[in-house]
Amino acid sequence: MNVVLRDVRDADLPVFFGQMNDPEALRMAAFTAKDPSDKAQFQAHWERIRQDPTIVARTVVGDGDEVIGNVGVFGPPEEREITYWIGRRYWGRGAATAALRAILGIATERPLHARAAADNLASIQVLKKCGFAVHGDDRGYANARGEEVDEVLLILVD
């Protein structure tokens, strides 16, 4: 799937909010806000992201200027981490892989870290396609699941 990345616009936020409240997507992502349906918290979160010059945040746009998700890089230099969220209707079409490859061309610092719920095999596969390698595991509380879950830790060094 062909995608382009652009700066996040105010009009993108309602799309992100809807995508981040899809029950199946929440379960897959696992590590989400405590209450993803809290619109005020969501707005405040995105306001902080957009104001922080150390965060690289982009809207993922598909054909016809359709917003299909977001991708970003955040954290201190030695712990930079990549994150992404693609709307469920675009899963399995290469959008996540294309978006990650595009952000890796913008955020060129290395190493970059990533993490995914251990049972989110699709996300782990996307990260591996983009050059990330598994370098460990962890266990953490997943708000979307209401329990601790296993995580896979990945790193991109080149």
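All of the points below concern the structure found in this document.

Conventions we followed
- Residues numbered from 1 in each chain as written.
- Predicted model: local features only at pLDDT ≥ 70, side-chain atom pairs only at ≥ 80, totals over all residues.
- Heavy atoms only, no water.
- Phe/Tyr/Trp six-rings, centres within 6.5 Å; stacked < 30°, edge-to-face > 60°.
- Helix = DSSP H or I, 4+ residues; strand = E, 2+ residues; numbered from the N terminus.
- Buried < 20%, exposed > 50% of the residue type's maximum accessible area, 1.4 Å probe, protein only.
- Pairing = 2+ DSSP bridges.
- Core = buried A, V, L, I, M, F, W, Y, C linked by side-chain atoms within 4.5 Å.
- Contact = heavy atoms within 4.5 Å.

**Points about the packing of aromatic side chains**
Per the counting criterion, the structure on display carries 2 aromatic pairs. For the ring pair F16 and W46, a centre distance of 5.0 Å and an interplane angle of 40° mean the geometry is tilted. Linking F16 in helix 1 (residues 13–19) with W46 in helix 3 (residues 39–51), this pair joins segments that are 30 residues apart in sequence. For W46, a relative accessible area of 3% puts it in the buried group. On the basis of an interplanar angle of 65° and a centroid distance of 5.0 Å, the ring pair of F17 and F42 is categorised as edge-to-face. Of this pair, F17 sits in helix 1 while F42 sits in helix 3; the two residues are 25 residues apart in sequence, bridging distant segments of the chain. Here F17 falls in the buried class, since its relative accessible area comes to 15%.

**What about the pairing of strand 6 (residues 133–142)?**
As paired strands, strand 6 and strand 7 (residues 147–156) are joined by 9 bridges and run antiparallel to one another. Of the residues in strand 7, the one forming a bridge with V134 is L154. Hairpin remark: strand 6 followed by strand 7, antiparallel, with 4 residues in the connecting loop; positive phi at G146, about 70°.

**Things to note about unusual backbone geometry**
Omega for the peptide link from R110 to P111 comes to 5°, which places this bond in the cis form. Mapped onto the elements, P111 comes out in the loop between helix 4 (95–106) and strand 5 (112–117). A positive phi angle, close to 70°, is found at A30, a residue other than glycine. Of the residues examined, A30 reaches a relative accessible area of 0% and is grouped as buried. The backbone phi angle of D65 is positive, close to 60°, even though this residue is not glycine.

**What to know about the pairing of strand 7**
Counting buried residues along strand 7, 7 of its 10 residues qualify, which places the element largely inside the surrounding structure. By the bridge criterion, 6 bridges tie strand 5 to strand 7 in an arrangement that is antiparallel. If you follow L112 over to strand 7, its bridge partner there is L156.

**Focus: the environment of P23**
Examined against the element boundaries, P23 turns out to sit in helix 2 (residues 23–29). Separated by 121 residues in sequence, P23 and A144 have C-alpha atoms that sit 8.6 Å apart.

**Quick look at the nonpolar core**
Core analysis: the biggest nonpolar cluster contains 30 residues, and V60, I82, Y84, I86, L100, L127 and F132 have the highest contact counts within it. Listed by contribution, the elements that provide at least two residues to this core are strand 2 (56–61), strand 3 (67–74), strand 4 (81–86), helix 4, strand 5, helix 5 (121–129) and strand 7. Here this core gets 7 residues from one element, more than from any other, and that element is helix 4. Contacts of I82, omitting those with residues within four sequence positions, involve G72, V73, L100, I103, L104, H113, A114, L127 and F132. Within the second largest apolar cluster, 13 residues are counted, among which are L13, F17, W46 and V67.

**Here we look at the environment of I106**
By secondary structure assignment, the location of I106 is in helix 4. Measuring from C-alpha to C-alpha, the distance between I106 and V152 comes to 24 Å, with 46 residues separating the pair along the chain. Look past the residues within four positions of I106 in its chain and what remains in contact with it is L5, V56 and R58.

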